[in-house]
Amino acid sequence: MAKAIHSMIRVLDENKSVEFYRLAFGLEVAERLDFETFTLIYLSNEESEFELELTLNKDRSEPYVLGDGYGHLALSVDDLDAEHQRAADAGLNPGKIVAFNRDGALLARFFFLVDPDGYKIEVLQRHGRYK
């Protein structure tokens, strides 16, 4: 059986990205691998073994075009309202909290953040299938 271990996104500014993910989600650098033309930065926290891999291509100076195929990353939290307030207080400009219902029952509560490179991150209240 396969096990999901990481997802990769390309970033322009290592420091801005590392700081955003530290501030927004408590992700810290687990490992940094520097190569001649690129750097891989693995971010994680104690909540999960899953890692976010930031890839910094050293010859890149223009923002990446995310296109219409990228959706979002998703993270779950114990207290969505508190995390929304914390993100707002930190100047991360969280979107509004949305309650998403299906067949008259709450399916999910969430809001979105956008990282320095334009990637959307969904922050979900732990509930139901979103643990």
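About the criteria used
Residues numbered from 1 in each chain as written. Predicted model: local features only at pLDDT ≥ 70, side-chain atom pairs only at ≥ 80, totals over all residues. Heavy atoms only, no water. Helix = DSSP H or I, 4+ residues; strand = E, 2+ residues; numbered from the N terminus. Contact = heavy atoms within 4.5 Å. Areas by Shrake-Rupley, 256 points an atom, 1.4 Å probe, with all protein chains shown as cover. Lys, Arg positive; Asp, Glu negative; His and termini not counted. Charge placed at Lys NZ, Arg CZ, Asp CG, Glu CD. Phe/Tyr/Trp six-rings, centres within 6.5 Å; stacked < 30°, edge-to-face > 60°. Buried < 20%, exposed > 50% of the residue type's maximum accessible area, 1.4 Å probe, protein only. Pairing = 2+ DSSP bridges. Axes fitted to C-alpha atoms, helices over the stretch in contact; angles between N-to-C directions. Core = buried A, V, L, I, M, F, W, Y, C linked by side-chain atoms within 4.5 Å. Salt bridge = Lys/Arg side-chain N within 4 Å of Asp/Glu carboxyl O.

Chemist: Lay out the overall build of the protein with the relevant residues and their values.
Modeler: The number of helices and strands found in the protein is two helices and eight strands. Reading the helices (α) and strands (β) of the protein from amino to carboxyl end gives β-α-β-β-β-β-α-β-β-β. Principal axes of the C-alpha set define a box for the protein whose edges measure 55 × 40 × 30 Å. Sequence-distant contacts, at least 24 apart, represent 49% of the contacts inside the protein between residues at least 6 apart. Working note: accessible area of the protein is about 8,400 Å², and carbon and sulfur atoms make up 50% of it. Distance between charge centres in the protein, computed from 15 positive and 24 negative side chains, equals 5 Å.

Chemist: Pulling in residues and values, what's your account of the packing of aromatic side chains?
Modeler: Tallied over the full model, the rule gives six aromatic pairs. Consider the rings of Tyr70 and Tyr119, whose centres lie 5.1 Å apart with planes at 75°: the pair is edge-to-face. One end of the pair, Tyr70, is in the loop between β4 (48-57) and β5 (73-77); the other, Tyr119, is in the loop between β7 (105-114) and β8 (120-125), and 49 residues separate them in sequence. Summarising the aromatic geometry, the rings of Phe110 and Phe112 are spaced 5.8 Å apart at their centres and angled 85° between planes, so their arrangement reads as edge-to-face. Here Phe110 falls in the buried class, since its relative accessible area comes to 13%.

Chemist: Describe the sheet that holds strand β2 (residues 28-34), and please don't skip the residues or the numbers.
Modeler: One open sheet accounts for four strands, arranged β1-β4-β3-β2; its pairing is mixed. One side of each edge strand has no neighbouring strand; the edge strands of this open sheet are β1 (6-11) and β2. For this sheet, the mean angle separating the axes of adjacent strands, direction not counted, is 20°. In terms of strand pairing, β2 meets strand β3 (residues 38-45) through six bridges, oriented antiparallel. By the bridge assignment, Asp34 is partnered in β3 with Thr39.

Chemist: Explain the nonpolar core residue by residue, including any values.
Modeler: Most often, soluble globular proteins have nonpolar side chains that are buried together. Counting 23 residues, the largest nonpolar core has Phe20, Tyr21, Phe25, Leu43, Leu54 and Leu113 as the members making the most contacts within it. The set of elements that each furnish at least two residues to this core consists of β1, α1 (14-25), β3, β4, β5, α2 (80-89), β7 and β8. Counting residues per element, this core draws most heavily on α1, which supplies five residues. Setting aside residues up to four positions removed in sequence, Phe20 forms contacts with Phe25, Leu92, Leu113, Val114, Asp115, Pro116 and Ile121.

Chemist: Would you mind going over the pattern of salt bridges in detail, with residue names and values included?
Modeler: The final tally for this structure, using the stated rule, is eight salt bridges. Between Arg126 and Glu47 there is a salt bridge, with its nearest N and O atoms 3.0 Å apart. Taken together, the positions of Arg126 in the segment after β8 and Glu47 in the loop between β3 and β4 put the pair 79 residues apart, joining distant regions of the chain. With relative accessibility at 27%, the residue Arg126 sits in the partly exposed group. Glu47 sits in the exposed class, given a relative accessible area of 58%. Residues participating in the shared-partner salt-bridge network are Glu47, Asp78 and Arg126.

Chemist: Let's hear about the sheet that holds β8: which residues, and what values?
Modeler: If you walk across this open sheet you meet the four strands as β5-β8-β7-β6, and the pairing is mixed. Taken across any chain shown, the strands that pair with only one partner, and hence form the sheet edges, are β5 and β6 (98-102). Each adjacent strand pair in this sheet contributes to an overall mean axis angle of 35°, direction not counted. In the sheet, β7 pairs with β8 via five bridges, with the strands oriented antiparallel. Following the sheet pairing, Leu113 is matched in β8 by Ile121.

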